[in-house]
Amino acid sequence: MFIMNKIDDKTRIQIVQCLVDGVGVNATCRVTGAAKNTVLKLLAQLGEACAKYHDDHVCHLLTKRVQCDEIWAFVHAKQRNVPEEKRGQFGYGDVWTWTAIDSDSKLIISYMLGKRDGGYANEFMHDVASRLARKVQLTTDGLKVYLDAVDSAFGGDIDYAQLIKIYGPDKSGPGRYSPPEVIGIKHEEVCGTPEPRHVSTSYVERQNLSMRMGMRRFTRLTNAHSKKLENHGHAIALYFMHYNFCKIHQTIRVTPAMEAKLADHVWEIEELLALAN
């Protein structure tokens, strides 16, 4: 574990505040005066501590409704530009973050970095299931790998539906990103008796949008992407810890962790830093 003894507590707090506010590493260095190596070491130390705290404490949840989705990013280079010797290695090119949110408390229940395939879907859904204390209603998008993954993780003891979006023609030009227009949606009941009015992925999609806006690494059409998978994972772990325990959600007026009965107060940045001590 890294021992951060070369910067004072005020600077450490300032660094973390910049990182959770979506400021890039280089800009954080300019704002705080800290060396880039110092910022990255603190990010690694704190990211590991946040991931461990999440694994140990975000569990036995009395959740009623869960929404899952995946958000794309890339590491080192875009998939088409990955060097020949690195192709096929995870951590070079496309990297997806799988996320699960409690629709009521807005708590991020589980997150995982991986590929967008059946193996990672299965691992992700087993992690989601392990954190729940009772039967839930689950909604995912129409990604087919969820079907076997949910069945494997929950064994039929779940009310599960998929929300499938119907897209119009792709009108984006060469080299530009513009998502196709959604021209319709349909619900497909997969297991149990999900309530139609709660078949939605709106909350998790809004959370993924917040990730894209709130982490410089996820900004499209820039060179601010993560250069190393480890740094990408540490930044995500820190982001979700701050989101769950430090950030007051506008609709519930407390933090998601407080709403989910995992905390009794709003955490300060100092408490996040204490996890790494």
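Coordinates for the structure precede this section.
S.K.: Just checking my understanding: could you explain the packing of aromatic side chains for this structure?
M.R.: Both the distance between ring centres and the angle between the ring planes are used here to describe each pair of aromatic rings. One pass over the full model with this rule turns up nine aromatic pairs. Centroid distance W98 to F124: 5.7 Å. Interplanar angle 40°. Geometry classified as tilted. Separated by 26 residues along the polypeptide, W98 in strand β2 (residues 93-102) and F124 in helix α4 (residues 118-130) bring together distant segments of the chain. Both residues of the pair, W98 and F124, belong to the buried class. Here the aromatic rings of F245 and W267 are separated by 4.9 Å at their centres, their planes lie at 50°, and the arrangement is tilted. With F245 in helix α7 (residues 229-245) and W267 in the loop between α8 (256-259) and α9 (269-274), the pair connects residues that are 22 residues apart, well separated along the chain. Since its relative accessible area comes to 1%, F245 is described here as buried. For W267, a relative accessible area of 10% puts it in the buried group.

S.K.: Please clarify how the sheet that holds strand β1 (residues 65-75) should be interpreted in this entry.
M.R.: Think of a sheet as strands paired side by side through backbone hydrogen bonds, with each pair either parallel or antiparallel. The six strands are arranged β3-β2-β1-β4-β5-β6 in an open sheet whose pairing can be described as mixed. The open sheet has two free edges, formed respectively by β3 (108-114) and β6 (182-191), since each of these has just one partner strand. This sheet shows a mean twist of 20° between the axes of neighbouring strands, independent of strand direction. Relative to β3, α4 is tilted by about 160°, and along the sheet it contacts β1, β2, β3 and β4 (137-140).

Thresholds, definitions, all that
- Residues numbered from 1 in each chain as written.
- Predicted model: local features only at pLDDT ≥ 70, side-chain atom pairs only at ≥ 80, totals over all residues.
- Heavy atoms only, no water.
- Phe/Tyr/Trp six-rings, centres within 6.5 Å; stacked < 30°, edge-to-face > 60°.
- Helix = DSSP H or I, 4+ residues; strand = E, 2+ residues; numbered from the N terminus.
- Buried < 20%, exposed > 50% of the residue type's maximum accessible area, 1.4 Å probe, protein only.
- Pairing = 2+ DSSP bridges.
- Axes fitted to C-alpha atoms, helices over the stretch in contact; angles between N-to-C directions.
- Contact = heavy atoms within 4.5 Å.

In short, geometric facts, not functional conclusions.
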